[in-house]
Amino acid sequence: MLFTPLPLAENLEFRNGKNSPERIDNGEFFVYGSNGIIGKSNKNNSSKNTIIIGRVGSYCGSLYYSKRPCWVTDNAIICKSKNNDDRFWYYALLNLNLSRLSSGSGQPLINQSVLQKTVCKTPPFEDRQKIASILGSLDDKIDINRRMNETLEAMARALFRDWFVDFGPTRAKMAAETPYLAPELWELFPDRLDDEGKPEGWKTKPLDETATFLNGLALQKYPATGDTSLPAIKIAQLRSENTETADPVSPDIPDDYIVEQNDLLFSWSGSLLCKFWNGQSGALNQHLFKVISKHFEPWFIYEWIQFYMPEFQAIAAAKATTMGHIQRRHLTESLVTIPPANIMQAANKAIGSLIVQIQSNNGQSRTLAQLRDLLLPKLMSGEISIRDAEKMVEDAA
């Protein structure tokens, strides 16, 4: 590929966003700030295929791409191509690492004049289209997986709530309603509630009797030495599923404290996140529980923690004014409804299979993102040919 060093102004137009419009939960357009999507509105101030650049603050230089018309606030800059190849320029700007262009010691800022003068190695239009197609196909598949997972998660949550929280099949039987499950499933559920209001024959257990909640280590006591290390998985890594900026620590820690893909993690301090880990292997830091159970499937415990522990939700709601955190007594006080083994087996087929598919999609998306991040700088520098990059994407599909 032939590259020509050109200032961005040769190919791109920049303008600041405007004050945030009235936000509406079911609005037609996404509203973008410097930290990405911040809500919805029925108004838009930019057309489809908009590049959004964080203009001010800690997200200065951040980048987002909207295929649909959107509203961009005054904390960000609207960027549009003069040649209808916006998606290529989104990737080109990613490769430029715009945060390095910020100025200001107190409040980082990027202005349009700096962006306009920034030089970018620019291939011909036809090559720009091909590069955008290669990288865009990976991001499109990641987005398809994300949307598919949203549907799968909603299905799993609805089934879990109906079976284990609302006791829908039992209540329907009590009301002599028409069965809405397959006959072999329907007959598993009792037709009465006991004196505690749960299906007859079911039990309740404290949460800490359903699983072991292993608290992480003070990893500063395990400094990295030599050429090998593990990333320290802290709350920040759990939130982003990214270990690129994680602190390196010694791999010589007890095996129980090694985190692998699909391990269930629960941050007991501040954020109270509960997630299946979808990153590389790492070391479990303090303030995180690794949730391990020999008797119950991880998805069962995850659903209870994430959605049906009122004590946890109250702590999370209060964290705006205090650093709320889970104490051991909360794990004992929080009760889980346990069905008989035959219903758990059926639920694992119905609900557990959805969670397995979600985890598979997450794993695929992680691999695709790694390939995208590998190809991006190589394509933008000409280190790899378009043909070779297309072959790598084809092999990964």
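Residues numbered from 1 in each chain as written. Predicted model: local features only at pLDDT ≥ 70, side-chain atom pairs only at ≥ 80, totals over all residues. Heavy atoms only, no water.

The tally for this structure, following the rule as stated, stands at zero disulfides. The thiol sulfur of C120 is not disulfide-bonded, and the nearest other cysteine sulfur, from C79, lies at 11 Å. (Disulfide = S-S within 2.5 Å.)

Mapped onto the elements of the fold, E303 is located in helix α7 (residues 298–307). As a buried residue without a salt bridge, E303 has its nearest oppositely charged side chain in R157, at a separation of 5.1 Å. If near-sequence neighbours (up to four positions away) are discounted, E303 is found in contact with A156, R157, F160, Y308 and I355. (Helix = DSSP H or I, 4+ residues; strand = E, 2+ residues; numbered from the N terminus. Buried < 20%, exposed > 50% of the residue type's maximum accessible area, 1.4 Å probe, protein only. Lys, Arg positive; Asp, Glu negative; His and termini not counted. Salt bridge = Lys/Arg side-chain N within 4 Å of Asp/Glu carboxyl O. Contact = heavy atoms within 4.5 Å.)

Okay, helix α10 (residues 341–381) next. The end-to-end C-alpha distance of α10, which contains 41 residues, comes to 58 Å, matching closely the 60 Å that a straight helix rising 1.5 Å per residue would cover. Of all the bends in α10, the greatest measures close to 40 degrees and is centred on N348. Looking at the residues trailing α10, positive phi occurs at G382, about 85 degrees. (Expected span 1.5 Å × (residues − 1). Bend = angle between axes of the 7 residues up to and from the residue.)

Turning next to the sheet that holds strand β15 (residues 264–267). As a general point, the strands of a sheet are linked pairwise by backbone hydrogen bonds and lie either parallel or antiparallel. Ordered by their spatial adjacency, four strands build an open sheet running β11-β18-β15-β16, and the pairing between neighbours is antiparallel. Each edge of the sheet is formed by a strand with only one pairing partner; in this case those strands are β11 (212–215) and β16 (274–276). On average, each strand axis in the sheet is tilted by 30 degrees relative to the strand beside it, whichever way the strands run. Relative to strand β18 (residues 288–292), β11 runs antiparallel, the two sharing four bridges. Pairing of L214 across the sheet is with K290, part of β18. Each of β11, β15, β16 and β18 touches α7; the most contacted strand, β16, lies at about 155 degrees to it. (Pairing = 2+ DSSP bridges. Axes fitted to C-alpha atoms, helices over the stretch in contact; angles between N-to-C directions.)

With that out of the way, let us pick up the nonpolar core. Counting residues in each nonpolar core, the largest one holds 43 residues, and the members touching the most others are F164, L207, F213, F266 and F300. Those elements that provide at least two residues to this core are α3 (125–165), β15, β16, β18, α7, β19 (335–338) and α10. A total of seven residues in this core trace back to one element, the largest contributor, which is α10. When sequence neighbours within four positions are dropped, the list of residues in contact with F164 reads W202, W299, F300, W304, T337, P339, I343, M344, A347 and I351. By size, the runner-up hydrophobic cluster in this structure holds 39 residues, among which are L8, C79, F88 and L375. (Core = buried A, V, L, I, M, F, W, Y, C linked by side-chain atoms within 4.5 Å.)

The four strands are arranged β13-β12-β17-β14 in an open sheet whose pairing can be described as mixed. The sheet is open, and its two borders are formed by β13 (248–249) and β14 (258–259), each paired with just one other strand. The pairing of β14 with strand β17 (residues 282–284) spans two bridges and is classified as antiparallel. The residue of β17 that forms the bridge with I258 is A283.

Attention now moves to the packing of aromatic side chains. All chains considered together, the criterion is met by 26 aromatic pairs. Taking 5.7 Å as the distance between ring centres and 20 degrees as the angle between the ring planes, the aromatic pair formed by F160 and Y308 counts as stacked. You can see F160 sitting in helix α3 and its partner Y308 sitting in the loop between α7 and α8 (310–318), a full 148 residues away along the chain. Considered together, F160 and Y308 belong to a single accessibility category, that of buried residues. (Phe/Tyr/Trp six-rings, centres within 6.5 Å; stacked < 30°, edge-to-face > 60°.)

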